[in-house]
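# Structure assessment
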Amino acid sequence: MTRSILAAGLLCVSTQAALAETPILHVLTYDSFVSDWGPGPQVEAAFEAQCGCDLVFDAAGDGAAVLARLLLEGTRTDADVVLGLDTNLTAQAAASGLFAPHGLSPALDLPADWSDPLFLPFDWGWFAFVYDNTRIPDPPASFRDLIASDLSVVIEDPRSSTPGLGLLMWVKAAYGDESAEIWRGLAPRILTVTPGWSEAYDLFLNGEADMVLSYTTSPAYHLIAEGDATKSAAQFSEGHYLQVEVAGMVAGTDQPDLARQFLAFMTTDAFQSIIPETNWMYPAVTPTAGLPDGFATLIHPAPSLLLPPDAALAARDPALDEWRNALAR
Amino acid sequence: MRWHAEPRLIKPAAALVAAVLVLLNLGALAAVLWRADGEATLQPADWVALRFTVVQAALSALVSVVLAVPVARALARRRFPGRRLLIALMGAPFILPVLVAIAGLLAVLGRNGMVNDALAALGLDRVSLYGLQGVVLAHVFFNLPLSVRLLLQGWARIPAEHLRLAQALGFGARARFRLIEMPMLTRIAPGALAAVFLICLTSFAVALMLGGGPAATTLELAIYQAFRFDFDLGRAALLALVQAGVGLVALGVLGFVRLPATRQAGLDRLAPAPPGGLARVLDLLAISMAATFLLVPLGVVIARGLPHLADLPASVWAAAGRSLGVAALSTLLLAGFTVALTLAGLRRRWPEGLGMAALVASPLVIGTGLFIVLNPLVAPSTVALPVTALVNAAMALPFALRATLPPARQTEADFARLSAALGLSPGAHLRLILWPRLRAPLGFALGLGAALSIGDLGVIVLFGQTGTETLPLAMQRLMGAYRSEAAQGVAVLLLALALGTFVLVERLIGGRDAGA
Amino acid sequence: MLALESLSIVQGGFRLSADLTIRDGARVAVMGPSGAGKSTLIGAVAGFVPLASGVIRWNDSRIDGLPPARRPLSILFQDHNLLPHLSVFDNVALGLNPDLRLSTVERASVLRALAETGLDGLETRKPAQLSGGQISRAGLARVLLRARPLMLLDEPFAALGPALKATMLDLVGRIARETGATLLMITHDPADALRLCDQTLLVADGRAHAPAPTRALLDDPPPALKAYLG
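In this text, all values refer to a predicted model and were calculated from it rather than measured experimentally.

## A few points about the interface of chain C and chain B
Facing the 22 residues of chain C at the interface are 20 residues of chain B. Looking at side-chain class alone, the side of chain C that touches chain B contains 15 nonpolar, 5 polar and 2 charged residues.

The following block contains the structure:
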């Protein structure tokens, strides 16, 4: 008895000693990434199995909140890797000077070219309006169709959520100078504007609106996780805007090797195969086992629209004014 | 009342609380300003936001308090089985997380809600909840319970003798209102109005969810935008200053309202039988309509979530434990704040204003300011829970003081002379005079604080890290992961915990007769 | 002896002066028009109303600097004499020990005071369960228990009926006799003054006059009192 307690004590001391030597990698990401249902727990287990390190996630709201948090912490940040920004945010992130080049060039399965030296994609998706196919047999096939319909949609606020900003860029990329007119047309169709994706999606699921701004991959969740095939994404002829989610290495990291190792790991099968059924997005590199079955039923929009980061940043404020003026009727 | 010496401990204690609150409010703002670079200016859209903020807050306050008058009166003078339970339940919307409450409200009044289905069945047009009317309605949903509770305490303090007098003199409903109830209302209503106005001033999610678009932008949302999208700390601080300015004006107006003192103290005799006839019918109507408006949405939230309660993941229960811990710490802090400021407030007016000031501040600015201050000292995530408890306590303090200060002052006005004539020591004065008269409102105040702390998402979102999520954050995460059914289960858990904590703390502090 | 020396009270535009003495064991009625300052005068003696100038002495020692409870007096107000949430016993016991921590002997004397004022058996009741007369008796029981040499009554019986009031005045008389206390009692009713008080102190025209024999004063009232009595 005494001996086993002593042994346990020794074991305890030795694991503590081992822990003290284990390097820690801090990854700052958005909230839903680290939740029990997000990729976080599996990614942590997979990476720790090969890095001999302790991976610690730090979470803040969504992509925009992650950036705000990083800017707030500045060079004092603990984060070694920031994961979860999208291309509408990366110009601002790059301008902060807080990121270092990743120096990696893996082969990516993106519907767009990628050559950003600071940020590396880990997943992507097309924004889309999701609807209930039992209630809407003939969904609108374009923004102009939607304007002409009597459907109600819930969208997210571009000032407080990344999908909201994505829609702003979508209309801008598709219609350019005509975007203000599109927004004026859409205004009567918009039931309300929510702070974030989860509130909008909840309103939609509760039948408040006919459609919600989400992703083409959203129906896959319902199909795979719930066996529910009633949700579909409407395919628009203008094409769909892409959200490409990226990660980058913090310039001031005290674990540059580990951070780079993590970014390299990020585009491997071990990480990428986790993404489809946890983040419900397309993996940046298609896993060797392919995508889960449900993904084959999803629409495949063309063309894919994406403003380069600098153009997205430049377009943001004028587009926001346009949006505000059109909707503040 | 100079003849009664103030215990020496009160002044430093109140000063300490004051320092904490001032540091929390102004310090946070200063921290944000300090980190800001460049000049900030207000944009045209900000003025629109200012106007919308003031209009919706003023309307919300007015409607909440006006509607609360008949409800509080009916509840005060009618006795029926389950009355206390009803009062406790009717308080629930106030302590609900915004998202849960909105979901319940939508189930009743939304596009596919019961009301609209009924209208459609009758061949009538559906009504829309989105827009200014929706924002005000949701705010009334949240704040009617608070208004009713505050007014109810006013009614409870009308001496039974006055009601007997009214009856003896054959007062009609109008005379009774003008001569007996109105004087009480002029003392209680301004506080209730100010409280609701200030709560709605910093409203964010309600306006955004139900406002229907950017026309319904509040200042708090503009602050959020400045932080999150522009990372323009200077503009965020400037907007926070504008918001605080509006709040301070409201507080100033409250300060100018003359509060007539009533001298009569009752002997706690039973009130005479309430008027019958039409008054009885109207009371019944007021109670049942308020109960329907407040309870049906809650019923829907429960009915939806109950089936999913059993299969909630283990992490949710851990989060619930964490939320209870935060609430316990927050309630302790609130108790200290409230007692110190109430005792100090017996002779001065500033503790009241100071307590209210917490409502003026932007929670976002406080959270961000604290983050800026703490970041160089400790890893913010390690102090996420205590900081959340502290901010929750500061946010609940205004309500607590609204509940405890008026009866404290009344008690002092009635009995301080007797206490002085008998030479009661400060301890005996506290134990024999103030405590018995104040434990019920204090119990209410602390119960409210505990419940608010459980339901509030709070500043933890700014500090959070894996392993520190509270129950509201867990719910948010479930929703963010398409798990809206599990989230509905968590909503029920939140509702039960918030209500349970409220009742428990109120009974524990307030004694058996609390909540009357 | 209670001495008010060059007393001056100023409250806003209101002024009251007094320069008089009251001998030990005297029973003095305080009369005068409404608003003349009767309660203010009693309040000043009790320590609730600050003095602008002047001195109050009790048996040659100054008491005007003392807090109310340290002055050698008991006071009954018009109302609020009992705490609604305490029992009759506790309300009376406050007079002996404001912390309500009583020894056996003290408990016995509380019960004795209750019995002497006709409240035996009612000690566990709350004030709300008492009649007006019983409330007055409870207040007097406390005065009896405190046995201070000076009793101040600020019209505590104004609300009682004539018969009940007479009973209370007799009880006051008995208590004053038993404790040897000096009595100062505000009243509007000349009959009260005649019943209990050998002297009457007139408060009128901003001045508290020296006490005079009640009978003589009422038989030949000065103009101010005459106007008041009608």
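## Quick notes on the confidence of the model for chain B
Low-pLDDT portions of the prediction should not be read for the details of their coordinates. Residue and element names in this part refer to chain B. Averaged over all residues, the pLDDT of chain B equals 81, while 90% of them reach at least 70. Mean pLDDT across the elements of chain B bottoms out in helix α8 (residues 160-168) (66) and peaks in helix α14 (residues 314-344) (91). The model gives residues 258-266 a pLDDT under 50, and that stretch makes 15 contacts with residues more than four places away or in other chains.

## What about the nonpolar core?
Within soluble globular proteins, side chains that are nonpolar generally end up buried alongside one another. Of all hydrophobic cores here, the largest spans 353 residues; its most connected members are A:V81 and B:V490. Taken together, domain 1 (22-124 + 243-296) and domain 2 (125-242 + 301-327) of chain A each give at least three residues to this core, which thus spans both. What A:V81 contacts, discounting residues up to four positions off in sequence, is A:L25, A:V27, A:A247, A:M249, A:V250, A:A259, A:F262 and A:L263.

## Structural notes on the packing of helix α3 (residues 83-90) of chain B against helix α13 (residues 278-305) of chain B
Residues and elements named next belong to chain B. It is the contact of α3 with α13, at a shortest axis distance of 10 Å, that shows an interaxial angle of 50°. As far as their axial angle goes, α13 and α3 are oblique. Viewed along their axes, α3 and α13 form a crossing whose handedness is left-handed. In this structure, α3 uses L86, L89 and M90 to contact α13, whose residues at the interface are A290, A291, L294 and L295.

## Points about the interface of chain B and chain A
Facing 44 residues of chain B, the contacting portion of chain A comprises 41 residues. Breaking the side of chain B that touches chain A down by element, the ones donating at least two residues are α5 (98-109), α10 (205-210), α11 (219-228), α16 (363-374) and α20 (471-480) of chain B.

## Some thoughts on the pairing of strand β1 (residues 2-11) of chain C
In summary, the side chains of a regular strand alternate between the two faces of the sheet. All names here are of chain C. Inspection of the sheet shows β1 paired to strand β2 (residues 14-22) by 8 bridges, in the antiparallel sense. Bridging across to β2, L2 finds its partner in I22. Here β1 folds back onto β2 in antiparallel fashion, the turn holding 2 residues, of which G12 has a positive phi close to 60°. Pairing of β1 with strand β4 (residues 53-58), which is carried by 5 bridges, proceeds in the antiparallel orientation. Its bridge partner being in β4, E5 is matched across the sheet by V55.

## Considerations on the environment of C:A93
Topologically, C:A93 is positioned in helix α2 (residues 88-93). In this structure the C-alpha to C-alpha distance between C:A93 and C:A113, which are 20 residues apart in sequence, comes to 9.6 Å.

## Section: the packing of helix α7 (residues 162-175) of chain A against helix α8 (residues 179-186) of chain A
All names here are of chain A. With their axes 9 Å apart at the nearest point, α7 and α8 run at an angle of 130° to one another. Accordingly, the angle class assigned to the pair α7 and α8 is oblique. Considering the relative orientation of α7 and α8, their crossing is right-handed. Packed against α7, whose contacting residues are V171, K172 and Y175, the element α8 presents S179, I182 and W183 at the interface.

## Details of the confidence of the model for chain C
Within chain C, residue pLDDT values average 90, and 100% of them lie at 70 or more. Scored by ipTM, the complex comes to 0.78, with pTM at 0.79.

## Observations regarding the arrangement of the chains
Taking contact number as the criterion, the leading pair out of 2 pairs of chains in contact is chains A and B. Separating chain A from chain C is a minimum C-alpha gap of 50 Å, and the two share no contact.

## Focus on unusual backbone geometry
For the peptide bond that leads from A:A302 to A:P303, omega is -5°, which places it in the cis range. Positive phi outside glycine occurs at A:W280, with the angle close to 50°. As for its placement among the helices and strands, A:W280 is situated in the loop between α12 (269-272) and β11 (282-283). For A:W280, a count of 27 C-beta atoms within 10 Å corresponds to the buried category. Located in the positive-phi region is C:D60, a residue other than glycine, with phi close to 75°. Along the chain, the position of C:D60 falls in the loop between β4 and β5 (61-62).

## Considering the environment of B:Q225
Looking at where B:Q225 falls in the secondary structure, it is placed in helix α11. Taking the number of C-beta atoms within 10 Å as the measure of exposure, B:Q225 has 23 and is therefore buried. On a C-alpha basis, the gap between B:Q225 and B:A236 in space is 8.2 Å, while along the polypeptide they are 11 residues apart. Beyond its immediate chain neighbours, meaning those up to four positions away, B:Q225 contacts A:R159, A:S160 and B:D230.

## Re the pairing of strand β1 (residues 24-29) of chain A
All names here are of chain A. Burial runs high along β1: 5 of the 6 residues are buried. Note: β1 against strand β2 (residues 54-59), 6 bridges, orientation parallel. Within β2, the position partnered with L25 by the bridge is L55. Examined bridge by bridge, β1 and strand β3 (residues 81-86) share 3 bridges and lie parallel to one another. If you follow T29 over to β3, its bridge partner there is L83.

Parameters at a glance
Residues numbered from 1 in each chain as written. Chains lettered and ligands numbered in written order. Predicted model: local features only at pLDDT ≥ 70, side-chain atom pairs only at ≥ 80, totals over all residues. Contact = placed C-beta atoms within 7 Å. Nonpolar A, V, L, I, M, F, W, Y, C, P; charged D, E, K, R; others polar. pLDDT = per-residue confidence, 0-100. Helix = DSSP H or I, 4+ residues; strand = E, 2+ residues; numbered from the N terminus. Core = buried A, V, L, I, M, F, W, Y, C linked by C-beta atoms within 7 Å. Buried ≥ 20, exposed ≤ 12 C-beta atoms within 10 Å, placed from the backbone. Domains from an automatic or database assignment. Axes fitted to C-alpha atoms, helices over the stretch in contact; angles between N-to-C directions. Parallel < 35°, antiparallel > 145°, perpendicular 65-115°, else oblique. Left-handed = near helix turned anticlockwise from the far one by under 90°. Pairing = 2+ DSSP bridges.

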